[in-house]
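Summary of structural features
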Amino acid sequence: QKMEGGCDRTSDFLKMATTVHSVLGDEEWTRTLIQKAQANCDDRFSLLTIAGKVLASIGDENWAGELYAKAAEQCSDSVQYEHLFRTVEAQSSNKELLKNLHTKAEESLSDAKNLATLAESVTRRFDSPDWARTIYKKAVAAADFQKAKFDVAASAENVLGDRKLAATIRNT
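Note that the structure is a prediction, hence the values are computed from the model and not measured. (Residues numbered from 1 in each chain as written. Predicted model: local features only at pLDDT ≥ 70, side-chain atom pairs only at ≥ 80, totals over all residues. Heavy atoms only, no water.)

**Brief notes about empty space enclosed by the protein**
- Applying the stated rule across the entire model yields one cavity of 30 Å³ or more.
- Around the largest cavity, the lining residues are Ser78, Tyr81, Glu82, Phe85, Leu109, Thr117, Leu118 and Ser121.
- Among the secondary structure elements, those contributing two or more residues to the lining of the largest cavity are helix 5 (78–91) and helix 7 (112–126).
- It is helix 5 that contributes the most residues to the lining of the largest cavity, four residues altogether.
- Looking at the lining of the largest cavity residue by residue, the classes come out as four nonpolar, three polar and one charged. (1 Å grid on protein atoms, 1.4 Å probe; cavity = no way out; pocket = protein on both sides within 12 Å on 5 of 7 lines; lining within 4 Å. Points joined across faces, edges and corners; volume = space filled by probe spheres on them. Helix = DSSP H or I, 4+ residues; strand = E, 2+ residues; numbered from the N terminus. Nonpolar A, V, L, I, M, F, W, Y, C, P; charged D, E, K, R; others polar.)

**Regarding helix 10 (residues 163–170)**
- Among all positions of helix 10, only Leu165, Ala166 and Ile169 are buried. Down the axis of helix 10, the buried side of the element spans an arc of 100°, and every buried residue falls inside it. Opposite its buried face, helix 10 presents the exposed residues Arg163 and Lys164, each directed more than 90 degrees away.
- Check the buried side of helix 10 and you find it contacts helix 8 (129–141) and helix 9 (145–160).
- Sitting at the head of helix 10, Asp162 places a side-chain oxygen 3.2 Å from the backbone nitrogen of Lys164. (Buried < 20%, exposed > 50% of the residue type's maximum accessible area, 1.4 Å probe, protein only. Arc of directions from axis to C-beta. Contact = heavy atoms within 4.5 Å. Polar contact = N/O pair within 3.5 Å; in protein donor to acceptor, adjacent residues only side chain to side chain.)

**Overview of the side chain of Ser46**
- Checked against the element boundaries, Ser46 lands in helix 3 (residues 44–58).
- Since its relative accessible area comes to 18%, Ser46 is described here as buried.
- Those residues in contact with Ser46 that lie beyond four places of it in its chain are Thr10 and Cys41.

**Notes on the packing of helix 4 (residues 61–73) against helix 5**
- For the pair helix 4 and helix 5, interaxial distance at closest approach is 10 Å and the crossing angle is 165°. When the axis of helix 4 is compared with that of helix 5, the two are roughly antiparallel. In terms of crossing hand, the pair formed by helix 4 and helix 5 is right-handed. In this structure, helix 4 uses Tyr68, Ala71 and Ala72 to contact helix 5, whose residues at the interface are Tyr81, Leu84, Val88 and Gln91. (Axes fitted to C-alpha atoms, helices over the stretch in contact; angles between N-to-C directions. Parallel < 35°, antiparallel > 145°, perpendicular 65-115°, else oblique. Left-handed = near helix turned anticlockwise from the far one by under 90°.)

**Details of unusual backbone geometry**
- Of note, Asp127 is a non-glycine position whose phi angle comes to about 50°, a positive value.
- Relative to the helices and strands, Asp127 resides in the loop between helix 7 and helix 8.

Here it is in structure tokens:
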């Protein structure tokens, strides 16, 4: 516990939590250290790291889900969301959690290309062409659609194999 006093940064608390968990097996102290790490955390990368530590050390999916949701709030484009999705896939097998994060992304993104990329992710991860079509429709309604319509159409055709939808998008 004397060493805990020397912890200043998120990474210090996480390293200490790893040691406490692996050497002492003290779940409550591990939880306390991770909570202190979270209190010092202000970026999505650290939130993702902490979520992984929560799952690996404690197995608390609810807490990890809250951390993933906070990280999602800091995402502003499809590249950042894709990083989030890949990290969640690497850290957790919870498909429902991943689906909820995709829903948050759908609610958050408004750019046509970002929405098309999200539709690709939905198709790849959930094999849900209906959901993807819904997202493509949002891409068509996006303010910047005209400058991205050929990219959106190509995405729909490549991902869904739907030439009719792609033609409709191109002719919009």
